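Structure at a glance
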Amino acid sequence: MPTIIKGPSLLQHVLLFVIVLVLCMVRNARGAIVTGDADRTISLVGSGASSTSLLWDMVTFVYQGVNAQVRVKYTPSNSDRGVQDLLEKRVDYAGSDVLTDHSSHGVRQLPIAGEAVAFAYNIPDLSSVLVLDELTLFGIFAGNISSWNHPRLVALNPELATVAHDIVIVYRSGGSGTNVVFASALEQFGQTGLSPNPANWPFALQGRGIVTKESGDIGPFVRNRPYALGYVAHPFVLGQPVAALINTEGGAGAPVLPSNVSVAKAISSPRFGNKLLSTCIPFTFASVAWIVFFFFSDHIVK
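Residues numbered from 1 in each chain as written. Predicted model: local features only at pLDDT ≥ 70, side-chain atom pairs only at ≥ 80, totals over all residues. Heavy atoms only, no water.

Concerning the overall build of the protein
Note the threshold: Only DSSP runs of H or I with at least four residues qualify as helices, and only runs of E with at least two residues qualify as strands; both kinds are numbered from the N terminus onward. A 1.4 Å probe rolled over the protein chains alone gives each residue an accessible area, and that area as a share of the maximum for its type sets the label: buried under 20%, exposed over 50%, partly exposed in between. Here, two residues are considered to be in contact whenever any of their heavy atoms come within 4.5 Å of each other.
The helix and strand inventory of the protein stands at nine helices and 10 strands. The buried share among the 302 residues of the protein stands at 52%. Long-range contacts, defined as pairs at least 24 residues apart, comprise 70% of the intrachain contacts of the protein with a sequence gap of at least 6.

Pasting the structure below:
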């Protein structure tokens, strides 16, 4: 869960205020922002990563009570689409799960929150929490582990010994920042060979995949499909079973569930990705949510 969403603390309200203030200072791609008119409403329109849509809902809710003149509207799609909308000046800002390089276009990025990538599952025969490690995860998504009673899964979860069902994977369509985050994390383990588009991953080519358009679709699909496994930003599967992860590197062996605490530890670790992208140190999968925007000094709100 993005760490600034949980709880109505004063600090969190200030952070949300700063987010909108930054947006009010950026270039409005559809026409310069005008201030000084008490009757004028400023519209800030954004699009992009659906994983951060709950964050933008909170921004809108909190800031509307501070300044009713500023209307914030965010349309979730995916990280690629949001950045493209910004470059084509259809929106004022974009949300992205991925650090991009468009500085030559006058584009800037601001990290605004850390979030966990959770692995939701639906295994009717399992009474305990599903435990996974990075090698088993890679094996599942690389197509080498295709059934729930595979020996590697049984070694971590003895109850799965009798669960002779295929693993059905629910995943986001191409362009999703979560896909890039996940592929990058696996690469940091030294597990290469997966492109950022899961449609080309072995499990999908084997016919065991269900593709969805938005992050909000992952939870319902997993909930309604027995023996399914899906990965998504944690807020979208709150209340559903999610896997506890083990990082076996360095002898760390305690399985950890995604939480604000584990995300904070992950993104503050020296082992966090070189580009602030993702990792699975002994805490959790984590990524950074970004605001992407044009910034020109002659459009600063005064």
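Some details on the pairing of strand β10 (residues 286–294)
Applicable threshold: In this analysis, strands are considered paired if DSSP registers two or more bridges between them.
In terms of burial, β10 is largely enclosed, as nine of its nine residues are buried. Across the two faces of β10 the burial is the same, with Ala286, Val288, Trp290, Val292 and Phe294 and Ser287, Ala289, Ile291 and Phe293 all buried. Summarising the sheet, strand β3 (residues 93–96) and β10 pair through four bridges and their orientation is antiparallel. Bridge pairing in β10 links Tyr93 to Phe293. Pairing analysis gives nine bridges linking strand β4 (residues 107–122) to β10, with the strands arranged antiparallel. Bridging across to β10, Ala116 finds its partner in Ala286.

A look at the side chain of Ser147
Heads up, the condition is: Side-chain atoms alone can form a polar contact between residues adjacent in sequence; in general such a contact is a pair of N or O atoms within 3.5 Å, and within protein one must be able to donate a hydrogen while the other accepts it.
Among the secondary structure elements, Ser147 is positioned in the loop between α4 (134–141) and α5 (151–156). Looking at Ser147, the relative accessible area reads 17%, which means it is buried. In terms of polar contacts, Ser147 uses its side chain to reach the side chain of Asn149, at 2.9 Å. Ignoring sequence-local partners within four residues, the contact set of Ser147 consists of Leu153, His165, Asp166 and Ile167.

A few points about the sheet that holds strand β6 (residues 168–172)
Defined as follows: Orientation is described by axes fitted as lines to C-alpha atoms, over the contacting stretch for helices, and by angles from 0 to 180 degrees between their N-to-C directions.
If you trace the eight strands from one edge of the open sheet to the other, you get β2-β1-β3-β10-β4-β8-β6-β7, paired in mixed fashion. In the strand order of this sheet, the two ends are held by β2 (70–77) and β7 (209–212), each with one partner. Taking each pair of neighbouring strands and ignoring which way they run, the sheet shows an average axis angle of 25°. Here helix α2 (residues 53–64) sits on the sheet and contacts β1 (42–49), β2, β3, β4 and β10; the angle it forms with β2, its principal contact strand, is near 170°. Where helix α3 (residues 79–87) meets the sheet, its contacts fall on β1, β2, β3, β4 and β10, and the angle it forms with β3 comes to roughly 160°.

Quick notes on the confidence of the model for the protein
Where we set the bar: Looking at any residue, its pLDDT shows the predictor's confidence there, from 0 to 100.
On average, residues of the protein score 74 in pLDDT, and 71% of them reach the 70 mark or higher. No element of the protein has a lower mean pLDDT than helix α1 (residues 10–25), which averages 53, and none a higher one than α5, which averages 95. Segment residues 274–283: pLDDT under 50, and 45 contacts once partners within four positions in sequence are set aside and those in other chains are kept. This model gives residues 297–302 a pLDDT under 50, and the stretch forms 12 contacts once residues within four places in sequence are excluded.

Considering the pattern of salt bridges
The condition is simple: We define a salt bridge as a contact between a side-chain nitrogen of Lys or Arg and a carboxyl oxygen of Asp or Glu at a distance within 4 Å.
Using the criterion set out here, one finds four salt bridges in the structure. Arg90 is paired through a salt bridge with Asp85; the nearest N and O atoms lie 2.6 Å apart. Judged by its relative accessible area of 39%, Arg90 falls in the partly exposed class. Between Glu88 and Arg90 there is a salt bridge, with its nearest N and O atoms 2.2 Å apart. Since its relative accessible area comes to 39%, Glu88 is described here as partly exposed. Overlapping salt bridges bring together Arg81, Asp85, Glu88 and Arg90 as one network.

Side note on the nonpolar core
Cut-off, in case you're wondering: Throughout, nonpolar core names a set of buried Ala, Val, Leu, Ile, Met, Phe, Trp, Tyr and Cys residues whose side chains join them through atoms within 4.5 Å.
With 30 residues, the main nonpolar core has Phe119, Ile123, Leu130, Ile140, Phe141 and Trp148 as its most contacted residues. Filtering out sequence-adjacent residues up to four positions away, Leu130 remains in contact with Tyr121, Ile123, Trp148, Asn157, Leu160, Ala243 and Ala244. If you look at the next biggest cluster of nonpolar residues, it comprises 16 residues, including Leu44, Tyr93, Ile112 and Ala289.

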